[in-house]
Every structure is written in C-alpha cells, then in structure tokens.
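Working through the structure, step by step
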Amino acid sequence: MSWVARDEAVVWHGFTQMSCFAENAPVIVERAEGRELIDVEGRRYLDAISSLWVNTLGHRVPELDRAVREQLDRVAHSTLLGNGNRAAIELAEALAPRVPVEDPHFLFASDGAAAVEQALKIAFQFWANQGVRGRTTYLALGQAYHGDTVGSISLGAGGFGTDVFDPLRFPVRRSPGYDDPSWADTAVSLIEEHAPELAAVVLEPLVQGAAGILVTDPESVRRVAQACHRADVLLIVDEVATGFGRTGSLFATEQCGVRADLACMGKGITGGYLPLSATAASPRVYEAFLGPDLGERTFYHGHSYSGNALACAVARRHLELMDEWEVIAGVRERAALLAELLRERITPLPAVREVRQRGLMVGVELAPPEDGLRWGRRTCAAAVDRGVLLRPLGDVVVLMPILTTTPDELRRIVDVLAEAIDVVCTG
Ligand SMILES: *Cc1c(COP(=O)(O)O)cnc(C)c1O
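Residues numbered from 1 in each chain as written. Predicted model: local features only at pLDDT ≥ 70, side-chain atom pairs only at ≥ 80, totals over all residues. Heavy atoms only, no water.

**Describing the overall build of the protein**
A tally of regular secondary structure across the protein gives 14 helices and 17 strands. Computed over its C-alpha atoms, the radius of gyration of the protein comes to 22 Å, within 12% of the 22 Å expected for a compact globule of 427 residues. Residues counted as buried form 53% of the 427 residues belonging to the protein. In the protein, the proportion of contacts linking residues at least 24 apart, taken out of those at least 6 apart, comes to 72%. (Helix = DSSP H or I, 4+ residues; strand = E, 2+ residues; numbered from the N terminus. Rg over C-alpha atoms; globule rule 2.2 N^0.38 Å. Buried < 20%, exposed > 50% of the residue type's maximum accessible area, 1.4 Å probe, protein only. Contact = heavy atoms within 4.5 Å.)

Here you go:
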C-alpha cells in the first residue's frame, strides 16, 4: 500500500478535506536536510512555509539536535504543577529580558491556541481577583486568528469554515482588521467607549497572519496600546506567528515601541522542533493572583506537558543561536532582497492583486476573475511539483521562508512562484 493510502487509512489531517486528501498529492515527509524536506520517494522540497510557520533556523540544525540529545540524558519531562524543572527555569530566565512584557512570569503550554486561551482566562480572573465587576469581555479585531480552541475561536473573526461553531463562541467587541486603514481609530474609540466592560484587547502585532498576511504600521499598534493604557484595559499581544524573528525583530511588538500586559508565544519558540508555547505576564497581572495557599486567587489552570524539559532545552539553545548567528540582522537583509525580487517578478503579474510583506512574512494575493477557480490551491500545487513547498490561504499564496534561507534559495522560491502563477493563471 502507498504511504498516502496508509496515511488516509488512519490519520485525520487538520484543516483538510479528507475525501480529497489523496488527490491533492500530499507530500509525505520522511526526513529533512537544512531547508529541504525529503519525501518517502526521496524527492526534495524547499520548505518555503517553515513547516507552517514554526521553523526558524532550518531542519536538523546540529546545535539544536544536540540540545535535545543532551536534555534526553537528563530527563524528558517532569511536571510544573507545584514543582519545577531546571530546563524551564533556564528558559524563562533567558526569555525574560527579551519578550515585550516587563519583568515577566511565564506560564508554559504546548500550542499557540493554549497560550492565547491562558491569556484570556488570566485577563478575566485578573479583574475578578481585585473585585472589579463587569470587565468580562474582550475587544478583538476583524480578520483575527488566534487558534482553534473554543476561547481562541471566539476571539477569531471566523471564516475557514468554522462558522458552524458560532453557537459555541462567546461574544466579543469587534473592531476592523488591518485591511481597513482606519482600524486603529475605530479600535481606540471602542476602547474609550467600552472600557468598563473590557477585560482586555487582543491583537496580532503588525501582521494578521492567517487572515492572509494583512499588515499594519507600528504607529497604529502603538496608538491602540496607548488607548488601552489610558483606559486601564489589559493589552494581550498574540506573537505566536510574529515572534522569534519573523518580522525583522525578535518580537513585532518591539517595533511598535510598546509593552504588553500579556504576550502569547508559540510556533518559532523552539525553532520548530517541539511543541511549546508560553504566556508572559507582567508583574501587575501576576501579583493580582497572589494570596493564601489553596485560596481563590490562584490560577487554577495548567497543562500536563507544561514546561516540557526537552522543549525548553531546545528553546533555550534556539534563543542563544538567534544571537550567535545574528539571525535578526539576517532576516532584515533577506527581507530586503525578497522585497526586491517580489517587486520585479511578482507584483507586475496581471494575476496578482497585491503583495504584502513584513520581514519574512509575505502574502501574494491572486486576483482570480471569478470564484471557484482555486487559483491559490493550484498555484501552490504547481510550485510543489517544481520542488518548492507552499500552502495557500484561500487565494493568498503565503511565503514564509525559514529565517536562514539563502539568497539563491529566495531567488528560486520567487522564480518557481512566478512560473507557477504563469502556468495556472495565464495557461
Ligand atoms: C498559529 C497561530 C495561533 C495558534 O497556534 P497553534 O500552535 O496552531 O495552536 C495563534 N495565534 C496566531 C497569531 C497564530 O498564527
């Protein structure tokens, strides 16, 4: 039996219509080298989506492999509920001065959605613990995506076929997404108007990723952050996609010159090695939970694999490598080259509506003349045929190259994309 048939027989893939799984020619990965994935037939694919936005430095990075192996010789996992482990402490110490929250405490989990879920519950209980009534809702943005748990889909703007869950979603205040140039003005007035009912404002700083790489400017984010501050509403930044270098700074919030009360991180935190996420909380938030042992102020929430030692060890080594290899400076250089290549080769194509970019996060929005042509899907399939792994969001082709992608590899990605668009959209 083929690997695809075996896969289909027992695996249920997320965001995938399984009845069409096989005919969409899925890549079945067996191993990897550098920035290439190698499938069960030995075919190679340049990983131009960073394995769905998680990989930062490449696959099988010897230093990261070693960090996992060394931790394996100590312990793979021990619980963080009531007890500690050295790997989690060392990671939290290393992250503390780098995250966009002052003097943070970290609550670890394993997925981005869980980090967001924790932040929501923390913000909610923060007010309750202080006896403040009525601050029980959130302001979230149009087009937002924060993960797939029930809390995070409530913050999310919907779409992706998730409307069926509408009855489960709790209501939130909603201001426009980054596709509306006046999104920040509306957000600021909603914050001013509804502050007494808002526990927190939640946003993806600079880039709304899953919305199709919608981008905004640092000044707009700063204005919204300042409105939160003035109205005494907590600010939660969801850095799950933007964190760990993707936008040309370690966190996108840095570029906005603000600090958040809570920051959610995931995806790139381990360089794409192991599932780990974290919610960072400011002292003001953290201290509102201090009180008598077994008391009501405690945050009664935690996950079995919170602070997994293998994941924390690789995450700490990853953070060191970001500095040792000067990854952020490299991202800026590569982003400039990529912008130039896109301007020359992709933007002028008649089938392209818009190219949006922040750092190494790019959305190429196609302009199909009618619905149902599946240009996004077919363009990515044509790129995969040519050895470049891409995955669309609707008719937006997302380029999310690994942060260490070489100039030649960037040229290859753009060449292949241009050819794929040509074949699908003008062929
Ligand atoms: C991917 C993503 C999430 C969810 O992370 P998972 O690890 O997939 O649960 C949350 N927020 C943003 C901005 C994301 O891009």
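**Points about the site of the ligand**
Asp 111, Gly 112, Ala 113, Tyr 145, His 146, Gly 147, Glu 204, Asp 238, Val 240, Ala 241 and Lys 267 make up every residue found near the ligand. The separation between an oxygen atom of the ligand and a polar side-chain atom of Lys 267 is 2.7 Å. In isolation the ligand has 380 Å² of accessible area, and contact with the protein removes 83% of it. Among the residues making up the shell around the ligand, the classes are represented as four nonpolar, three polar and four charged. (Near = heavy atom within 4 Å. Polar contact = N/O pair within 3.5 Å; in protein donor to acceptor, adjacent residues only side chain to side chain. Areas by Shrake-Rupley, 256 points an atom, 1.4 Å probe, with all protein chains shown as cover. Nonpolar A, V, L, I, M, F, W, Y, C, P; charged D, E, K, R; others polar.)

**A short note on the domain arrangement of the protein**
Its domain assignment divides the protein into domain 1 (3-57 + 326-425) and domain 2 (65-324). When residues of domain 1 are sorted by the area they lose upon contact with domain 2, Trp 53, Arg 358 and Met 361 head the list and together hold 29% of the total. One can count zero salt bridges joining domain 1 with domain 2. Listed by contribution, the elements that provide at least two residues to the side of domain 1 that touches domain 2 are helix H2 (50-53), helix H12 (327-345), strand E13 (352-358), strand E14 (361-366) and strand E17 (396-399). When residues in the side of domain 1 that touches domain 2 are grouped by element, the largest group, four residues, is from H12. A breakdown of the residues in the side of domain 1 that touches domain 2 according to their chemical character gives 18 nonpolar, six polar and four charged. (Domains from an automatic or database assignment. Buried area = accessible area lost by both parts, 1.4 Å probe. Salt bridge = Lys/Arg side-chain N within 4 Å of Asp/Glu carboxyl O.)

**Examining the environment of Glu 333**
Relative to the helices and strands, Glu 333 is located in helix H12. Taking the C-alpha atoms as reference, Glu 333 lies 31 Å from Asp 39; in sequence the two are 294 residues apart.

**A word on the sheet that holds strand E2 (residues 36-39)**
Sheet strands pair via backbone hydrogen bonds, and the direction of the pair is either parallel or antiparallel. Across the sheet, which stays open at both edges, the four strands sit in the order E1-E2-E3-E15 with mixed pairing between neighbours. Every other strand in the sheet has two partners, leaving strand E1 (29-33) and strand E15 (388-389) as the edge strands with one partner each. Bridging between E1 and E2 involves four bridges; their strand directions are antiparallel. When the bridges of E2 are listed, Ala 32 appears paired with Leu 37. (Pairing = 2+ DSSP bridges.)

**Description of a positive patch on the surface**
Residues Arg 374, Arg 377, Arg 378 and Arg 391 make up a contiguous surface patch of positive charge. For Arg 391, the location among the structural elements is in strand E16 (residues 391-393). The partly exposed category is assigned to Arg 391, whose relative accessible area is 39%. (Patch = residues over 30% accessible without salt bridge, like charges linked within 9 Å, V, L, I, M, F, W, Y side chains within 5 Å. Lys, Arg positive; Asp, Glu negative; His and termini not counted. Charge placed at Lys NZ, Arg CZ, Asp CG, Glu CD.)

**Describing the environment of Thr 379**
Here Thr 379 shows up in helix H13 (residues 375-385). According to the relative accessible area criterion, Thr 379 is buried, its value standing at 0%. Setting aside its immediate chain neighbours within four residues, Thr 379 contacts Leu 366, Val 397, Leu 417, Ala 420, Ile 421, Val 424 and Cys 425.

**Quick word on a nonpolar patch on the surface**
Together, Val 150, Val 164, Phe 165 and Leu 168 make up a nonpolar patch on the protein surface, roughly 370 Å² of accessible area in all. Position of Phe 165 among the secondary structure elements: in the loop between helix H6 (150-155) and strand E6 (173-175). The class for Phe 165 is partly exposed, based on a relative accessible area of 39%.

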